[in-house]
Amino acid sequence: MRCAAHILNLVVQDGIQEIGYVVENVRECVKYLKNSTARKERFDEVVAQVRGTQKQLVLDVPIRWNSTYFMLSTALELKDAFIRMGDRDKSFPYLLTSEDWQNRWCASNVPFIAAMGMKMMVKFEKYWGSANKLLAIAHILDPRFKMNSLKYFFPKLYGDAAELHTLEVKSLLEELHKEYYEKYKSMSYGSQGGGTSTYEGSDLGSTNDECEMEDYNKFILNVTCSQLKSDLETYLDEECLPVPLHSSTNILEWWNHNKYKYPIMSLIARDILAIPCVHTSGI
């Protein structure tokens, strides 16, 4: 699964392109002020005049969307100071109009938001279109939520198509369960039917008895595995874990404690919940 922080950064960067010229102009203004102590002091004086209190400028790192957000939000608070600084310093690279501040930042109209959202959604689907089912399964594997999280969030995300998406996730989980069941079955058989008795003088050492015991082991294994097929249904049918959501429940530890009750589901949980969502030190 791709890094969540990296994908989030790509998604937001595509949305920011809709106001690219605004971002670039604010960035150049901040650079202009920060590159000169004298200009920075003059700007601080202007800020004190229009605000009464100081506010430090923030210069972003373009590849980190959160730093761009902080730069823009700070600039928005200092909007009047930017305008006045542009009147005083003709070299100040300030090109924004009052419409840019008002329409683009404070009260964006619906078409503009739709255009930004569409770009972000295209990028999201490109990288996370298939991964979101895996994230949904991870929610189901949390005994505090199970299917309830999908029932609550999917209607908000997908509207009338929520039921279809829920069925797709559940179908994927059932396929995973079948795959892990086959692996578990082969592993269990390998551990039970791999050896024969070599104890001399015992009737169990005869060929007929060895075959009989091997057939018996297969029979027991098939009976056991047929019962294990329902451990997914058993898990989903049981009540959610009655633990407050703010508690520090260790989900992997819970599955480890319940691995004999849900042998196949615990294997799925071990693999799915161990997948790191973030591979970077920060966003």
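Reading the values: the criteria
- All chains use their own residue numbering, which begins from 1 and follows the written sequence.
- The model is predicted, so local features are restricted to residues of pLDDT at least 70 and side-chain atom pairs to those at 80 or more, both for listing and for counting; the totals for chains, interfaces and linings are taken over all residues.
- With hydrogens and water set aside, each side-chain value is computed from the structure's full complement of heavy atoms.
- We define a nonpolar core as any set of buried Ala, Val, Leu, Ile, Met, Phe, Trp, Tyr and Cys residues linked to one another through side-chain atoms lying within 4.5 Å.
- Whether a residue is buried, partly exposed or exposed follows from its accessible area with a 1.4 Å probe, protein chains only, as a fraction of its type maximum: under 20%, in between, or over 50%, in that order.
- Numbering of helices and strands runs from the N terminus; a helix is a DSSP stretch of H or I covering at least four residues, while a strand is a stretch of E covering at least two.
- Note on contacts: a residue pair qualifies if any of its non-hydrogen atoms lie within 4.5 Å across the two residues.
- Two distance rules govern patches: like charges are joined within 9 Å, and nonpolar side chains (Val, Leu, Ile, Met, Phe, Trp, Tyr) within 5 Å, applied only to residues with over 30% relative accessible area and no salt bridge.
- Computed with the Shrake-Rupley method and a 1.4 Å probe, the accessible areas treat only the protein chains shown as cover for residues.
- Each reported salt bridge corresponds to a side-chain nitrogen of Lys or Arg within 4 Å of a carboxyl oxygen of Asp or Glu.
- The charge count treats Lys and Arg as positive and Asp and Glu as negative. His and the chain ends do not count.
- Positions of charges follow a simple convention, taking NZ of Lys, CZ of Arg, CG of Asp or CD of Glu.

Caption draft 1: Inspection of the nonpolar core at higher detail. Of all hydrophobic cores here, the largest spans 26 residues; its most connected members are I140, L141, Y235, W255, M265 and I268. Among the secondary structure elements, those contributing two or more residues to this core are α8 (131–140), α9 (148–158), α10 (162–192), α12 (231–237), α13 (251–257) and α14 (263–272). Look past the residues within four positions of W255 in its chain and what remains in contact with it is L141, P143, Y235, Y262, M265, S266, A269 and L273. Ranked by size, the runner-up nonpolar core spans 24 residues in total, among them C29, Y32, F82 and L96.

Caption draft 2: Examining α14 more closely. Counting buried positions along α14 gives eight out of ten residues, so the element sits mostly inside the fold. When α14 is considered as a whole, its buried residues turn out to be P263, I264, M265, S266, L267, I268, A269 and I272.

Caption draft 3: Layout of a nonpolar patch on the surface. A contiguous nonpolar patch, built from Y152, F153 and L157 and spanning about 350 Å² of accessible area, is present on the exposed surface. Along the chain, the position of Y152 falls in helix α9.

Caption draft 4: Local environment of the side chain of R27. With respect to the helices and strands, the residue R27 is situated in helix α2 (residues 20–34). Note on R27: relative accessible area 10%, which makes it buried. Not counting the four nearest positions on each side in its chain, R27 is found in contact with L59, D60, P62, T68 and M71.

Caption draft 5: Region of the structure containing a negative patch on the surface. A cluster of acidic side chains, namely E174, E175, E233 and D237, defines a negative patch on the protein surface. Of all elements in the fold, only α10 and α12 reach the threshold of two or more residues within the negative patch. The residue E233 is located in helix α12 in this model.

Caption draft 6: Local environment of the pattern of salt bridges. Counted according to the given criterion, the structure contains twelve salt bridges. Across the pair D60 and R27 runs a salt bridge, and its minimum N-O distance is 2.8 Å. On the criterion of sequence distance, the pair formed by D60 in the loop between α3 (37–51) and α4 (65–77) and R27 in helix α2 is long-range, its members being 33 residues apart. Taken individually, D60 and R27 each receive the classification buried, so the pair is uniform in this respect. Across the pair K31 and E28 runs a salt bridge whose closest N-O atoms are separated by 3.8 Å. Of this pair, K31 and E28 both sit in helix α2, three residues apart, which is roughly one turn of that helix. Of the residues examined, K31 reaches a relative accessible area of 33% and is grouped as partly exposed. Through salt bridges that share partners, E24, R27 and D60 make up one connected network.

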